[in-house]
Amino acid sequence: MRVLLSCVNSLVSLVGYDTDARQAFWYCPGNLLRACGACYEGQDLLLASDGFVTRISPQGVSQQALPGPHPNLAHSIHPIGGMLGVVDTGNSRILMRPSDAPVGAALPSIALDPLEGWENRPMDAIHLNDFLPWGEGVLASCFHYHPFGHYKTKGYDWHGGGHGLILGMHRAHGMTVSRVLASGLNCPHSLVAHEGDVYCCSSSRGEFLRYAVQPSGLLYEAARWKVSDTHFIRGALHDGERWLLGGSSIRRLKEQSPMSLYTLDEHSGAITCDTVAGAGEIYDVLPWDDAVMAALVPVINALPPNQWDDNVYPAPMGLPDF
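For the structure given in this document, a descriptive report is provided here. (Residues numbered from 1 in each chain as written. Predicted model: local features only at pLDDT ≥ 70, side-chain atom pairs only at ≥ 80, totals over all residues. Heavy atoms only, no water.)

Bringing the overall build of the protein chain into the picture now. Each helix and strand in the protein chain was counted, giving 2 helices and 24 strands. For the protein chain, whose C-alpha radius of gyration is 19 Å, the value lies close to the compact-globule estimate of 20 Å for 322 residues. Overall size of the protein chain, expressed as C-alpha extent along the three principal axes, is 50 × 45 × 40 Å. Partitioning the intrachain contacts of the protein chain with sequence separation of at least 6 by distance along the chain shows that 49% fall at a separation of at least 24. Split by element, the accessible area of the protein chain, about 14000 Å² in all, is 52% carbon and sulfur. (Helix = DSSP H or I, 4+ residues; strand = E, 2+ residues; numbered from the N terminus. Rg over C-alpha atoms; globule rule 2.2 N^0.38 Å. Contact = heavy atoms within 4.5 Å. Areas by Shrake-Rupley, 256 points an atom, 1.4 Å probe, with all protein chains shown as cover.)

With that settled, the discussion passes to the nonpolar core. One recurring pattern in soluble globular proteins: nonpolar side chains tend to sit buried together. Grouped together as the largest cluster of nonpolar side chains are 22 residues, with contacts concentrated most on Leu4, Leu14, Trp26, Leu45 and Met293. Elements represented by at least two residues in this core include exactly strand 3 (23-29), strand 4 (37-41), strand 5 (44-49) and helix 2 (290-301). Of all the elements, helix 2 adds the most residues to this core, at 6 residues. (Core = buried A, V, L, I, M, F, W, Y, C linked by side-chain atoms within 4.5 Å. Buried < 20%, exposed > 50% of the residue type's maximum accessible area, 1.4 Å probe, protein only.)

In this section: the sheet that holds strand 13 (residues 137-142). Strand order in the open sheet formed by 4 strands is 12-13-14-15, with antiparallel pairing between adjacent strands. Among the strands making up the open sheet, the edge pair consists of strand 12 (130-134) and strand 15 (175-185). On average, each strand axis in the sheet is tilted by 25° relative to the strand beside it, whichever way the strands run. Taken together, the 5 bridges between strand 12 and strand 13 define a ladder with antiparallel strand orientation. When the bridges of strand 13 are listed, Pro133 appears paired with Val138. (Pairing = 2+ DSSP bridges. Axes fitted to C-alpha atoms, helices over the stretch in contact; angles between N-to-C directions.)

Its volume calculated, the largest pocket comes out at about 620 Å³. What lines the largest pocket is a set of 26 residues, and nearest its centre among them are Asn9, His75, His127, Arg234 and Arg251. Of all the secondary structure elements, the ones that give two or more residues to the lining of the largest pocket are strand 20 (232-238) and strand 24 (281-287). Here the second largest pocket is characterised by a volume of approximately 400 Å³. Looking at the second largest pocket, it is lined by 20 residues, and the ones nearest its centre are His78, Leu191, Ala236, Val285 and Leu286. Breaking the lining of the second largest pocket down by element, the ones donating at least two residues are strand 4, strand 8 (77-80), strand 12, strand 16 (188-194), strand 20 and strand 24. For the lining of the second largest pocket, the residue count by class is 14 nonpolar, 4 polar and 2 charged. (1 Å grid on protein atoms, 1.4 Å probe; cavity = no way out; pocket = protein on both sides within 12 Å on 5 of 7 lines; lining within 4 Å. Points joined across faces, edges and corners; volume = space filled by probe spheres on them. Nonpolar A, V, L, I, M, F, W, Y, C, P; charged D, E, K, R; others polar.)

Let us now look at the packing of aromatic side chains. Under the defined criterion, the tally for this structure stands at 6 aromatic pairs. Here the aromatic rings of Tyr199 and Phe208 are separated by 5.7 Å at their centres, their planes lie at 25°, and the arrangement is stacked. For the pair formed by Tyr199 and Phe208, the shared burial category is buried. Ring geometry for Tyr199 against Trp243: centres 4.5 Å apart, planes inclined by 40°, an arrangement best described as tilted. Of the two residues, Tyr199 is situated in strand 17 (residues 197-202) and Trp243 in strand 21 (residues 243-248); the sequence distance between them amounts to 44 residues. Each of the two residues, Tyr199 as well as Trp243, counts as buried. A connected cluster of aromatic rings, assembled from ring pairs, spans Tyr199, Phe208, Trp225 and Trp243. Between the NZ or CZ atom of Arg34 and the centre of the ring of Trp308, over which it lies, the distance is 5.4 Å. (Phe/Tyr/Trp six-rings, centres within 6.5 Å; stacked < 30°, edge-to-face > 60°. Lys NZ or Arg CZ within 6 Å of the ring centre and 35° of its normal.)

Pairing in this open sheet of 4 strands is antiparallel, and the strands run 16-17-18-19 from one edge to the other. Of all strands in the sheet, those with a lone pairing partner are strand 16 and strand 19 (219-226), marking the two edges. Here the average twist between neighbouring strands, direction ignored, is 25°. Summarising the sheet, strand 16 and strand 17 pair through 5 bridges and their orientation is antiparallel. Residue pairing across strands places Pro188 opposite Ser202, the latter belonging to strand 17.

Turning our attention to the environment of Gly206. Positionally, Gly206 belongs in the loop between strand 17 and strand 18 (207-213). Sequence separation between Gly206 and Gly16 is 190 residues, and the spatial gap between their C-alpha atoms is 23 Å. Once you skip the residues sitting within four places of it in the chain, Gly206 turns out to touch Trp225, Lys226, Val227, Ser228, His231 and Ile233.

Following the criterion strictly, the structure yields 15 salt bridges and no others. Of the charged contacts in the structure, one is a salt bridge between Arg210 and Asp197, with a shortest N-O distance of 3.1 Å. Taken together, the positions of Arg210 in strand 18 and Asp197 in strand 17 put the pair 13 residues apart, joining distant regions of the chain. Residue Asp239 pairs with Arg242 through a salt bridge whose shortest N-O separation is 2.9 Å. (Salt bridge = Lys/Arg side-chain N within 4 Å of Asp/Glu carboxyl O.)

Another point: the environment of Val61. Relative to the elements of secondary structure, Val61 occurs in strand 7 (residues 60-65). Accessibility expressed as a relative area gives 32% for Val61, which makes it partly exposed. Along the chain, Val61 and Leu46 lie 15 residues apart, while their C-alpha atoms are 9.8 Å from each other. Residue contacts for Val61: discarding those within four places in its chain leaves Leu33, Thr54, Arg55, Ile56, Val299 and Leu303.

Have a look at this one:
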């Protein structure tokens, strides 16, 4: 299977990886595009990063700035019920716009906001980072139940203390209704619904969890797999037989492990690990859509390099003949 990896804080921002050949076949240097979350919309690839959404189409590349007041730190981006949603992590909300809106149309201020009504909220209050459509609203993952930035500076175990949550959110009477459906996670990311259950990475513990849905709507932990002691696990895709999980270098470790892709057979518990590149961080794992990417890779490779830091980036790479 071929997959597309979106990478953040890395020398490459996109990687095409062949799980059968166990090697990368294409990458986008990080000085051409910045990426965090990624999704397809029709024949386009959309990337969320920093304070904007980047749209890559066969006609070219455009960017759409997200509204403040805080820097957005945009994370996941997904289609949802005829809308396009992007997690505005810096402002702790999910912004949405109709999928059929003109290219470049602004995302409206009406959003799913678990902190709606809070005054003077700090930037990146709870590290809201991912969501998936669920019932009449969404499930969303976040790092903490109250502003955690203060604790990050006090030697507090914010990444391993089990403060992460899965929230259920929907709109009612013009407001966001928010409810805690699961807790005890460590830096949760990458929510995926599969065969009626909910899967999530407990990233800083290197774990992957399966939740069963209770009649009350709460999520009950049904299984937990220890995937890695050396990687921050983030990015999850089921390929029809097994789970593909992104392994990111852990920033707080002195010796960083290489960017890797894990496979998990949840029935046998078998886990394998393949190295994708040197130190780097995977955020999303998507199926490689050759019908889309064959037209977009030449557009990406033709982009001029940016000079936003002093890193030495690799040269663009063309697609092989499949």
